[in-house]
Amino acid sequence: MEAIRPKLFDFRGVAMTNYFTDNFDNVEKFSAKPDDILIATYPKAGTTWVSHMLDQIYFGENSETLKSLPVYERVPFLEMCAPKHMPGVELIENMTSSPRLIKTHLPVQLVPKSFWEQNCRVIYVARNPKDNAVSYYHFDRMNYVEPEPGNWESFLERFKQGQMVFGSWYSHVKGWWERKQTNPRILYLFYEDLKEDVVRELGRLCDFLGVSLSEEARDRVLRAVGFQNMKDNSMANYSTCAVMDHSISPFMRKGMVADWKNHFTVSQNEEFDEDYQRRMKDTTLTFRMEI
Ligand code: A3P
């Protein structure tokens, strides 16, 4: 596999790579439809899990499409513009299904304005920063369109400083949390809650969407989005994605809460906690580092 790792640069105050900014003129001009559903996350917070869940909720009956198209084509990545891939905006514009499920990692201030004008539903998923950082580290090791991750120690420092693609975890989760306070069309979910009780969270999601599932359909969705089933499903596990090397670390890696304990040293954890307390002082948003 060719190493085409990009460099980070500042884009409107957010660390980015060219794969997410090259098509930004078209991203900004993107014309959302009122029934579009935007799935927004900081990378590695459970985007694919919730994308697959939404896909199953809306199109699960129609399983032929689900069996033949990978999740990154069924739920296109709005700002993505990488070599040998159709840009996200074009993929979305070519979609014929309704509602269109759209993925973004953009911080709230960079989301194209038509999503707000059209009053689209947005599902934001957040994950505690320690597990988020660990998952991001392994992802950057196996994904050649991500910047070089370096070793864990240096990666963690850069994570704290916001020197990651899509910028600071703190700004991202807090920015979306603040917007949610005044916008009832945003549902804010937590990875830890999904792990704790996926049946409850699926119920919240369906209530928010105004969708009523039969018991049979609900069980089908729950089966499909189970970690092992997604890991075994080539349309959900990114095994068809040419820029990833799953022999380094699989995309569907561990899918657990508190794996950070296997990565953080005692002093890394103490320093992280101190920094975290300081930076989360100005928000009502809280995270569970374990469940
Ligand atoms: P880990 O690396 O901790 O295993 P994203 O889709 O935002 O890139 O997030 C990927 C993370 O979500 C990975 O975390 C992956 O294993 C986890 N994940 C994906 N599907 C999951 C599922 N069905 N249940 C639990 N975790 C899941």
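Scroll up for the structure.
Residues numbered from 1 in each chain as written. Predicted model: local features only at pLDDT ≥ 70, side-chain atom pairs only at ≥ 80, totals over all residues. Heavy atoms only, no water.

**A look at the sheet that holds strand E4 (residues 101-104)**
Which entries qualify depends on this criterion: Between any two strands, at least two bridges found by DSSP are needed for them to pair. Note on conventions: DSSP H or I runs of at least 4 residues are helices, E runs of at least 2 residues are strands, and numbering of each starts at the N terminus. Geometry is summarised by axes, namely lines fitted to C-alpha atoms with helices restricted to the contacting stretch, and by angles between N-to-C directions that run from 0 to 180 degrees. The contact criterion used throughout is that any non-hydrogen atoms of two residues lie within 4.5 Å.
Reading across the sheet, the 4 strands line up as E4-E3-E5-E6 and stay open at both edges, with parallel pairing between neighbours. Each edge of the open sheet carries a strand with a single partner, namely E4 and strand E6 (186-190). Along the sheet, successive strands turn relative to each other by an average axial angle of 20 degrees, direction set aside. Sheet topology note: the strand E3 (residues 37-41)/E4 ladder contains 4 bridges and is parallel. Its bridge partner being in E4, Leu 38 is matched across the sheet by Ile 102. Those strands touched by helix H2 (residues 47-59) are E3, E4 and strand E5 (121-126), and its axis lies near 165 degrees from that of E3. Lying on the sheet, helix H9 (residues 169-182) is in contact with E3, E5 and E6; it crosses E6 at an angle near 140 degrees.

**Examining the site of the ligand**
Note the cut-off: Near, as used in this document, describes a residue that has one of its heavy atoms within 4 Å of the molecule or strand being considered. Distance and chemistry together define a polar contact, namely a pair of N or O atoms within 3.5 Å, with one atom able to donate a hydrogen and the other to accept it when in protein, and with adjacent residues in sequence counting only for side-chain atoms on both sides. For every accessible area listed, the method is Shrake-Rupley and the probe measures 1.4 Å; residues are considered covered only by the protein chains on display. Side-chain classes follow a simple rule in which Ala, Val, Leu, Ile, Met, Phe, Trp, Tyr, Cys and Pro form the nonpolar group, Asp, Glu, Lys and Arg form the charged group, and the remainder, Gly included, forms the polar group.
Surveying the vicinity of the ligand reveals 18 residues, the closest of which are Thr 47, Thr 48, Ser 135, Lys 254 and Gly 255. Here a nitrogen atom of the ligand and a backbone polar atom of Val 225 are 2.9 Å apart. Here Arg 253 contributes a side-chain N or O atom positioned 2.8 Å from an oxygen atom of the ligand. A total of 570 Å² of accessible area belongs to the ligand in isolation, and the protein chains cover 97% of it. Those elements giving two or more residues to the shell around the ligand turn out to be H2 and helix H13 (227-232). Broken down by element, the residue count for the shell around the ligand peaks at 3 residues, all from H2. Of the residues belonging to the shell around the ligand, the class tally is 8 nonpolar, 6 polar and 4 charged.

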